[in-house]
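# Understanding the architecture of this molecule
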Amino acid sequence: MQPLTPAQTVDIERAARQFLRAAKLGAQDQMSSALQDLRLACRAEARGLTKRQAKVLLAIEEYISKHGHAPAVRELQDITGYRSTGSVARILDLLEERGRIVRRRRCARSVEVVKPLTLGDMMEIEGK
């Protein structure tokens, strides 16, 4: 496995701190949210993705399974909560460079997931 990038290390540490803070306060909602962020960051680390890339990849997978076609960039922006379509487009470019997705240029909703995150991947990561 590749060494952690500084961004991945920060994501994991931040999520862990949020979880511990919520646990001290006894805030179940915040604990659940922080635990989800921590799992996503760990899953991203294991797959060589940043937390943001994993978030977009999971959003694409879920959208395709629900609707039968890929989401538009603006729909991904709404789903993930990012402020601009440019940030989503940049993440899509990075996912394409890493070989996780394939897109046809100048074609709407053309994202295809090549290497999805599987249940086995999630169990392997949580078992560490």
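A few points on the structure. Given the structure is predicted, the values throughout are model-derived calculations rather than measurements.

Moving on, we get to the nonpolar core. Judged by nonpolar contacts, the single largest core of 14 residues is most densely connected at Val 56, Ile 60, Leu 76, Leu 92, Leu 95 and Ile 101. Of all the elements in the fold, those that place two or more residues in this core are α3 (51-67) and α5 (85-97). Other than its neighbours up to four places away in sequence, Leu 92 contacts Val 56, Ile 60, Val 73, Leu 76, Ile 101 and Arg 103.

Looking now at the pattern of salt bridges. Close approach of charged atoms allows side chains with opposite charge to pair. Following the criterion strictly, the structure yields four salt bridges and no others. Taking the shortest distance from any N to any O, the salt bridge between Glu 75 and Arg 109 comes out at 2.8 Å. Residue Glu 75 is located in helix α4 (residues 73-80), and its partner Arg 109 is located in the loop between β1 (101-102) and β2 (112-113); the two are separated by 34 residues in the primary sequence. With a closest N to O distance of 2.9 Å, Glu 96 and Arg 105 form a salt bridge.

Another aspect to go through is unusual backbone geometry. At Arg 106, a position not held by glycine, the phi torsion is positive, near 60°. Tracing the sequence through the fold places Arg 106 in the loop between β1 and β2. For Arg 106, a relative accessible area of 89% gives the class exposed. Even without glycine at this site, Arg 109 takes up a positive phi of about 55°. The class of Arg 109 is partly exposed, set by a relative accessible area of 35%.

Moving on to α5. In an α-helix, one turn spans 3.6 residues, which is why side chains three or four residues apart end up on the same side. Along its 13 residues, α5 runs 18 Å from first to last C-alpha, staying within 8% of the 18 Å computed at 1.5 Å per residue. Burial in α5 covers these residues: Val 88, Ile 91, Leu 92 and Leu 95. With its buried residues spanning 105° around the axis, α5 presents them on a single face. On the buried face of α5, the contacting elements are α3, α4 and β1. Looking one or two residues past α5, Gly 99 carries a phi angle of roughly 80°, positive in sign.

How each quantity is defined
Residues numbered from 1 in each chain as written. Predicted model: local features only at pLDDT ≥ 70, side-chain atom pairs only at ≥ 80, totals over all residues. Heavy atoms only, no water. Core = buried A, V, L, I, M, F, W, Y, C linked by side-chain atoms within 4.5 Å. Buried < 20%, exposed > 50% of the residue type's maximum accessible area, 1.4 Å probe, protein only. Helix = DSSP H or I, 4+ residues; strand = E, 2+ residues; numbered from the N terminus. Contact = heavy atoms within 4.5 Å. Salt bridge = Lys/Arg side-chain N within 4 Å of Asp/Glu carboxyl O. Expected span 1.5 Å × (residues − 1). Arc of directions from axis to C-beta.

So far we have only geometry, and geometry alone does not tell us how the molecule works.
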